[in-house]
Amino acid sequence: MQKITPCLWFNTNAEEAVKFYTSVFKNGKTTTVTHYDEESSKASGQPEGSVLTVEFDIEGQHFMALNGGPIFTINPSISFFVYCKTAQEVDTLWEKLSKGGKVMMELGEYPFSKRYGWVADKFGVSWQIMMSDQEQPQKIVPCMLFANNLFGKAAEALKYYLSIFPDSSEVFVQKAGPAPQYGNPEAIMYAMFTLCGEYFTLMDGPGKHAFAFSEGVSLVVNCDTQKEIDTYWSELTAEGGEEVQCGWLKDKYGVSWQITPTALDKMIADKEPAKAKRAMKAMLQMKKLDIKKLQEAFDGAA
C-alpha cells in the first residue's frame, strides 16, 4: 500500500473525475469505491448510498477522490508534476487536460524544460506537465507551493517534513539565486524529496496568489499502528498546527493531512452493515483516530 496518498475533494462528481483521469493517463484503474451510510450521511449532509470515496491509480500513483460537498474546492497550492520523455507526450496530455480548464503557465519552452505547461483541468486539479531529459523515479509527483505569507518558507518546510517521516531524504534543491522575480536568493525555485520512500516536490511562489493550502487537496497517511498515528498527529499539529475531525489535521503551514489507520478501511468495507455502521459512528466522534476504540465499536464491545 502507498504510505501517503493524495486526496482530491469533489462536490458530488468524484466518479466522473476518476473516469476522466483513468482515461487520460496510462495504466489507469479504479480500485475501491465506498458509499455514504446512515451515520456518515447525517454528518455530511450527503445522500445515503451515494459515493463517498473512489480510490484509483494512474501511472503508478495512487489517489483518493472524495465527494465532500461544496465546503472546499481544489486549488493550485498542491499540484502534480507529470514528467514526460517526449514533447509529443506533453502535447497529448496538455490537449486532454486543458480542455475546459484554465491555463496557469502557457505551454512552451522554458529555461528548465524544452516543453512545459501548467494547467488546472476542468475539475480544478492542477498539472505541471514537463518534458524531462533525466530518468524520473516517479511519473506523477505532488508539488506544494509556498506562496503569499508562506513565500520563503519552503526550505524550512522541507526540513520539517524530512524530520517527521521515516525513509525520507532531500533529492535535489534549486534556489532562486539572482532571479529577479523572487527577490530572495534563498527562496526555493524547485526541490524534490522523499517521504516514506515516495517522491514529492515543493516550491516558493513569488507574487500574489488567490489561493492557499486547503482541504481541497489533502495527504492521507496510512498507518498500521496506534504509535504511528500518535507520532504523526503530535508532530504535524505542533507549533501552530490544528486538530480537525475524523483524523484530519492541518500542519503549521496549513497543509491538510489525514492520519488514518489501515484497519479502518476494512471495517468500513465489511460485509456486515451493522459492524461497518458502528465503526463509522465511532470515527465521526473522534479527532485523532483511536484504533482500539474503533475496533471495540466494530465488534460491538463499546
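Further up the page is the structure itself.
Small disclaimer: the values here were computed from a predicted structure and weren't measured.

Side note on the overall build of the protein chain
At step 1: Looking only at helices and strands, the protein chain features 8 helices and 16 strands.
At step 2: In summary, the protein chain has a C-alpha radius of gyration of 20 Å against a globular reference of 19 Å for 302 residues, a match within 12%.
At step 3: When the 302 residues of the protein chain are sorted by exposure, 53% land in the buried category.
At step 4: A fraction of 65% describes how many contacts in the protein chain between residues 6 or more apart in sequence connect residues 24 or more apart.
At step 5: Once the 30 positive and 38 negative side-chain charges of the protein chain are each reduced to a mean point, those two points are 1 Å apart.

Examining the nonpolar core
At step 1: Core analysis: the largest hydrophobic core is formed by 64 residues, its most contacted members being Y21, W127 and W257.
At step 2: Among the nonpolar cores identified, the runner-up in size contains 20 residues, and M64, W248, M283 and M286 belong to it.

What about the layout of surface pockets?
At step 1: One number sums up the size of the largest pocket: a volume of about 1100 Å³.
At step 2: In terms of lining, the largest pocket is formed by 37 residues, of which the most central are L52, L66, W248, Q258 and M283.
At step 3: Within the lining of the largest pocket, the residues separate by chemical class into 20 nonpolar, 14 polar and 3 charged.
At step 4: For the second largest pocket, the calculated volume is near 840 Å³.
At step 5: Lining the second largest pocket are 32 residues, with F112, Q174, M189, Y190 and M203 sitting closest to its centre.
At step 6: Classifying every residue of the lining of the second largest pocket gives 21 nonpolar, 8 polar and 3 charged.

Some details on helix α7 (residues 273–284)
An α-helical turn contains 3.6 residues, so a residue and the one three or four places further along point in the same direction.
At step 1: Between its terminal C-alpha atoms α7 stretches 16 Å, which fits the 16 Å expected from 12 residues at 1.5 Å a residue.
At step 2: Those residues of α7 not exposed but buried are A276, A279, M280, A282 and M283. Across the axial projection of α7, the buried residues extend over an arc of 160 degrees, all falling on one side.
At step 3: The inward-facing, buried residues of α7 abut α2 (38–44), β3 (51–58), α6 (262–268) and α8 (291–299).

A word on the sheet that holds strand β6 (residues 102–110)
Within a sheet, adjacent strands bond to each other through the backbone by hydrogen bonds, running parallel or antiparallel.
At step 1: Strands sit in the order β6-β7-β8-β5-β9-β12-β11-β10 across an open sheet of 8 strands; the sheet is mixed. Strands at the two margins of the open sheet, each flanked by one partner only, are β6 and β10 (169–175). For this sheet, the mean angle separating the axes of adjacent strands, direction not counted, is 20 degrees.
At step 2: Note that β6 and strand β7 (residues 113–120) share 5 bridges and pair antiparallel. Note on β7: the bridge partner recorded for M105 is W118.
At step 3: Here helix α4 (residues 154–164) sits on the sheet and contacts β9 (140–147), β10, β11 (188–195) and β12 (198–205); the angle it forms with β11, its principal contact strand, is near 5 degrees.

So, how was this worked out
Residues numbered from 1 in each chain as written. Predicted model: local features only at pLDDT ≥ 70, side-chain atom pairs only at ≥ 80, totals over all residues. Heavy atoms only, no water. Helix = DSSP H or I, 4+ residues; strand = E, 2+ residues; numbered from the N terminus. Rg over C-alpha atoms; globule rule 2.2 N^0.38 Å. Buried < 20%, exposed > 50% of the residue type's maximum accessible area, 1.4 Å probe, protein only. Contact = heavy atoms within 4.5 Å. Lys, Arg positive; Asp, Glu negative; His and termini not counted. Charge placed at Lys NZ, Arg CZ, Asp CG, Glu CD. Core = buried A, V, L, I, M, F, W, Y, C linked by side-chain atoms within 4.5 Å. 1 Å grid on protein atoms, 1.4 Å probe; cavity = no way out; pocket = protein on both sides within 12 Å on 5 of 7 lines; lining within 4 Å. Points joined across faces, edges and corners; volume = space filled by probe spheres on them. Nonpolar A, V, L, I, M, F, W, Y, C, P; charged D, E, K, R; others polar. Expected span 1.5 Å × (residues − 1). Arc of directions from axis to C-beta. Pairing = 2+ DSSP bridges. Axes fitted to C-alpha atoms, helices over the stretch in contact; angles between N-to-C directions.

These results come straight from atomic positions and should not be treated as a statement about function.
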